[in-house]
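Per-entry structural report
In case you want the letters, here they are:
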Amino acid sequence: MFSEWKFTIRDIAEKPDLFMSGHRACAGCGPAVVMRLVLKAVRGPTIVTSATGCMEVVSTIYPYTAWATPWIHTAFENVAANASGIETAIKVLKRKGRIKQERIDVIAFGGDGGTYDIGIQALSGAVERGHDFLYVLYDNEAYMNTGIQRSGGTPHGAATTTSPAGTVIPGKPQYKKPIANIMVAHNMPYVATASPYYWKDLITKARRGIEVNGPAFLHVIAPCPRGWRYDTSKSMEISRLAVETCVFPLWEAVNGEYQLSAPSKVIALRPERKKPVREYLKAQGRFRHLFTPKFEKVIDEIQRITDERWQRLLKKCGMA
Amino acid sequence: MESVVKQKVLALNGDEAVAYAVKQSDVDVVSAYPITPQTIIVERFSEYVANGEVDAEFICVESEHSALSACLAASAVGARTFTATASAGLALMHEILYVTSGCRAPVVMAVANRALSAPINIHCDHSDSMVERDCGWIQIYVENSQEAYDSIIQAFRIAENQKIMLPVMVCLDGFTLSHTLENVHVLPDGTVKNFVGTRQFPLVTTHEGKNVPLRLDVENPMTIGPLDLPDYYFEHKRQQEEAMRNAPEIIKQIHEEYARISGRRYGDGLLDSYRLEDAEIAVICLGSTAGTVKTVVDDLRNEGVKAGLLRIRTFRPLPIEGIIKALEKVKAVAVMDRSMSFGGHGGAVFHEVRHALYDAATHPHVVNYVYGLGGRDTSPSQIREIFNDLQKILETGRVKAPVQFVGLRE
C-alpha cells in the first residue's frame with residue numbers, strides 16, 4: 001500500500017523547503033514546524049490549499065509568500081471543498097491533455113478551528129466523496145489567529161479568552177472532540193496522529209497520507225507558545241510530553257485498522273513509562289489555575305479522561 | 001462574416017436549456033448542490049455525465065458554500081467551471097461570491113431566481129440575486145429559456161475574457177422560466193465549442209520578472225488568495241472595478257458575434273428595448289416580466305398610446321449611459337422591482353435607474369412598482385394599471401406615490 005521510502009535526517013535537510021523561511025510566525029511556533037515537515041514529505045508536484053488561520057496569515061502577507069509550491073487560500077470553512085475542486089480539476093485537465101504532469105498531489109491544511117468547528121462539514125463531505133488528498137490538521141487547540149479563543153479542539157480545563165479561568169468556572173468545561181476517531185468513522189483509507197517532536201514519524205505519516213489512494217487525514221499536535229503560555233524554546237519539549245503522558249498518543253488507522261506508532265507503543269508495552277498528565281499541564285500557563293487548591297480536582301479529571309481514552313485506544317489496537 | 005447556423009429546435013424548460021448549454025461549452029468541472037427551482041439543472045447535468053455525453057466531472061457537494069468553493073479552486077487550477085443555485089443557496093454562497101470575484105476566477109453560475117426566507121417560499125422573485133449585486137459578479141437577467149441558453153454560452157466567453165476575468169451570474173426566473181417548456185433553438189455542438197474556445201490565462205509578472213499564466217501551475221508556483229493589508233487591498237479592489245468598466249463593450253461584442261452565428265439578438269446585449277423609440281411612457285423591468293409587458297405595450301399602441309419597454313439585461317455592470325440614452329424622449333418611467341430593499345424607499349432597480357438619470361439633461365418622472373414577491377403572478381391588467389398611472393402623471397405633471405406595490409392585498 002505504501003512505498004518503502006527510506007530517508008535520513010541528511011536527506012530531509014538537503015531536500016528543498018517548499019514552506020520557506022521568512023514567514024512571520026511567532027518565535028517557537030509549533031504549526032510552522034509542522035508545515036515545513038509535512039512539505040518535506042512530498043513525492044513530486046504538489047498543490048497546497050490552506051484554510052484561513054495563523055499559518056495562512058503569517059505565510060502570505062502580500063506581496064510576499066513563504067510557499068514555493070502552488071498555493072491557494074479562499075476562506076475559513078472550505079479548505080476541504082477547495083481540495084475537492086483542485087483534485088477534480090487536475091483529473092479532468094489531465095484527461096483532456098491540458099495538464100502535462102502525470103501526477104500532482106493535493107495537500108489541505110486546516111487549524112483546529114477550520115477543522116473541528118467551522119470546517120467539519122466541508123471536510124466530512126470531501127472525505128465521503130473520496131477525493132484523493134491529504135488533509136493536515138495542525139492543532140494548536142484554540143483560535144490563536146484571533147487571540148486564543150476556545151475551539152472544539154481545546155482540552156478540558158484550558159484557559160482561553162472565551163473559556164477563561166474564572167473564580168467559578170476553571171477554564172473550558174467541555175472535553176476535546178475526538179476528531180481523528182470521527183475521521184476513522186468515515187471509513188477513509190488513512191488516518192494518523194503525529195507530533196513534531198517525533199519528526200521522522202510525522203514525515204513518514206505525511207508521505208503515507210500523500211501516497212494512499214483516496215482521502216487521508218493527519219492530526220498533528222502543534223503547540224503554540226502564545227496561546228499555551230510557555231517559553232518559546234519549549235515547543236518540542238511540550239510536543240514530546242503530550243505523547244509521553246498519553247494526552248496525545250500517536251497512532252495510525254490504515255483502512256480502519258488501528259495500530260500504535262513507536263513512541264506510544266513503547267508506553268503501551270512498558271506502562272511505567274507513562275508520565276502523569278500533571279507534568280504536561282504544569283509546563284503550560286493555560287493550566288496554571290488548576291494548580292490551586294480550589295481547582296486541583298480538575299487535574300484528576302484530566303488524568304481520568306486521559307487514562308480512559310488511552311485504554312480505549314489500546315483496545316482498538318488490540319493491546320489492552 | 002459568419003452566417004447563421006442551421007439549428008435544432010428542442011422542447012426545453014429553462015433549467016434544461018441551461019444544462020444543455022453547459023454541456024456544449026466544453027466545461028471541465030461542475031460542482032453544485034440541489035435547490036428548488038434550480039434542481040433540474042444539476043439533474044440533467046448529472047445524466048450527461050452518467051451517460052458519458054460530456055467530458056467533465058460533476059462534484060455533488062454537501063452545500064452551496066462548498067459548491068462554489070470547489071468551482072473557485074478548480075478554476076484556479078485552470079478548469080472551466082460552472083455551478084447553479086437559487087435563494088438560500090445563493091445566500092449561503094455569499095462569502096465565496098466575493099472571494100471568487102476577488103480571486104478573478106471566471107466561474108459561470110445560473111441562478112434560478114427564488115424568494116428568500118422567512119417565511120419560506122420556493123417561488124420566483126429577485127431577492128436572492130439583487131442582494132448580491134455588489135459582490136463583483138457580472139449579472140445577466142434573461143427573458144426566456146432561449147435567452148438562458150444563449151446567455152450561458154456567452155457567459156463563458158465574457159468571464160474568461162482577458163480584460164474582464166470576472167465571474168458571471170445568469171439569472172432566470174424560477175418556475176416561470178426554470179420549469180416551463182419552450183421551443184429552444186440549439187446550436188450544433190461543434191459551433192458552441194468553437195465559439196467558447198479553450199480557456200486562456202492572463203500573464204502575470206513574477207518577482208523574478210517572468211511572465212506566467214495566472215493559475216495554480218506546478219511549473220510556476222503562485223500564491224493565490226494571500227493576506228492583503230491596507231497597503232495593497234484597495235488597489236486590488238479598484239482593479240475589479242476596472243474590469244467591470246471594461247465589460248460593457250466586450251459583452252456587446254461577444255453578444256454580436258454570437259448573434260451572427262445564431263441569428264438571435266437581445267438589444268445590444270446590455271439593454272433590450274421594445275417600441276421605445278417614440279415612447280412617452282415606459283416600463284423598465286428585468287427577466288420574464290418583459291414578455292408580459294410587451295403584450296400590454298402592443299395593446300396600448302393599438303389604442304394610440306405611445307408606450308414602450310426597456311429591459312435591463314445586464315444589471316452588472318449597469319449600463320448607465322445606455323439607460324440615459326434609451327429614456328431620452330420618455331416623459332414618465334415606471335421601474336418594476338421584484339425585490340425589496342427594506343427601509344430603502346423602493347427597490348434596487350429603481351434606485352439605480354434614478355441614480356443613472358441624475359446625469360441626464362432632462363429627467364423623466366420615475367416611479368417604482370414592487371411586484372411579484374414570493375412568486376405572486378403579475379397579470380397584463382396590472383401592467384396596464386401601471387401604464388395608466390404613468391399617463392396620469394403625464395396629464396397632471398404630478399407623482400402621487402413614488403413607490404407602490406402591485407397586486408397586494410391592503
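Read on for an overview of the structure. (Residues numbered from 1 in each chain as written. Chains lettered and ligands numbered in written order. Predicted model: local features only at pLDDT ≥ 70, side-chain atom pairs only at ≥ 80, totals over all residues.)

Re the interface of chain A and chain B
Interfaces are frequently sized by the accessible area removed from exposure as the parts join. Of the residues lining the interface, 37 residues belong to chain A; the matching set on chain B comes to 39 residues. Mapped by element, the contributors of at least two residues to the side of chain A that touches chain B are strand E1 (46-50), strand E2 (71-73), helix H4 (79-95) and helix H6 (120-129) of chain A. At eleven residues, H4 of chain A tops the list of elements feeding residues into the side of chain A that touches chain B. Looking at the side of chain A that touches chain B, its residues break down into 19 nonpolar, 14 polar and four charged. Where E2 of chain A lies against strand E11 (residues 223-224) of chain B, two bridges are found, and the strand directions are parallel. Paired with Ile72 of chain A across the bridge in E11 of chain B is Ile224 of chain B. (Contact = placed C-beta atoms within 7 Å. Helix = DSSP H or I, 4+ residues; strand = E, 2+ residues; numbered from the N terminus. Nonpolar A, V, L, I, M, F, W, Y, C, P; charged D, E, K, R; others polar. Pairing = 2+ DSSP bridges.)

Considering the sheet that holds strand E18 (residues 403-405) of chain B
Residues and elements named next belong to chain B. Spatial strand order, E12-E14-E13-E16-E17-E18: six strands in an open sheet with mixed pairing. Strand pairing shows two members of the sheet lacking a second neighbour, strand E12 (271-274) and E18, which therefore form its edges. Across the sheet, the mean angle separating the axes of adjacent strands is 20° when strand polarity is ignored. In this structure, E12 lies alongside strand E14 (residues 307-312), joined through four bridges in antiparallel fashion. By the bridge assignment, Ser273 is partnered in E14 with Leu310. Across the face of the sheet, helix H9 (residues 289-302) comes into contact with E12, strand E13 (281-285), E14 and strand E16 (332-337) while running at roughly 165° to E14. (Axes fitted to C-alpha atoms, helices over the stretch in contact; angles between N-to-C directions.)

Some words on helix H2 (residues 30-39) of chain A
Most of H2 of chain A is tucked away: nine of the ten residues are buried. Turning to H2 of chain A, the residues buried within the fold contact helix H3 (54-59), strand E3 (105-111), strand E4 (134-139), helix H8 (199-211), strand E6 (216-221) and helix H10 (235-244) of chain A. (Buried ≥ 20, exposed ≤ 12 C-beta atoms within 10 Å, placed from the backbone.)

Looking at the nonpolar core
Core analysis: the largest hydrophobic core is formed by 229 residues, its most contacted members being Val136 of chain A together with Ile152, Val168, Val170, Ala282 and Ile284 of chain B. Not counting the four nearest positions on each side in its chain, Val170 of chain B is found in contact with Ala110, Ile140, Val142, Ala148, Ser151, Ile152 and Ala155 of chain B. (Core = buried A, V, L, I, M, F, W, Y, C linked by C-beta atoms within 7 Å.)

As for H10 of chain A
Residues and elements named next belong to chain A. Taken across its ten residues, H10 has seven buried, putting it largely inside the fold. Every buried residue of H10 is accounted for by Ser235, Ile238, Ser239, Leu241, Ala242, Val243 and Glu244. Where H10 is buried, its residues touch H2, E6, helix H9 (225-228), helix H11 (262-269) and helix H12 (277-282). Of the residues trailing H10, Cys246 is marked for its positive phi of about 65°.

Details of the pairing of strand E7 (residues 168-173) of chain B
Residues and elements named next belong to chain B. Extensive coverage of E7 is indicated by the burial of six of its six residues. Here E7 shows a buried face lined by Val168, Val170 and Leu172 and a second buried face lined by Met169, Cys171 and Asp173. Alignment of strand E5 (residues 108-113) against E7, held across six bridges, turns out to be parallel. Bridged to Met109 within E7 is Met169. Looking at chain direction, strand E6 (residues 138-141) and E7 are connected through four bridges and run parallel. For Gln139, the partnering residue across the bridge sits in E7 and is Met169. A crossover links E6 with its parallel partner E7, the connecting element being helix H6 (residues 145-160), and its sense is right-handed. (Right-handed = clockwise from strand over helix to strand, strands pointing away.)

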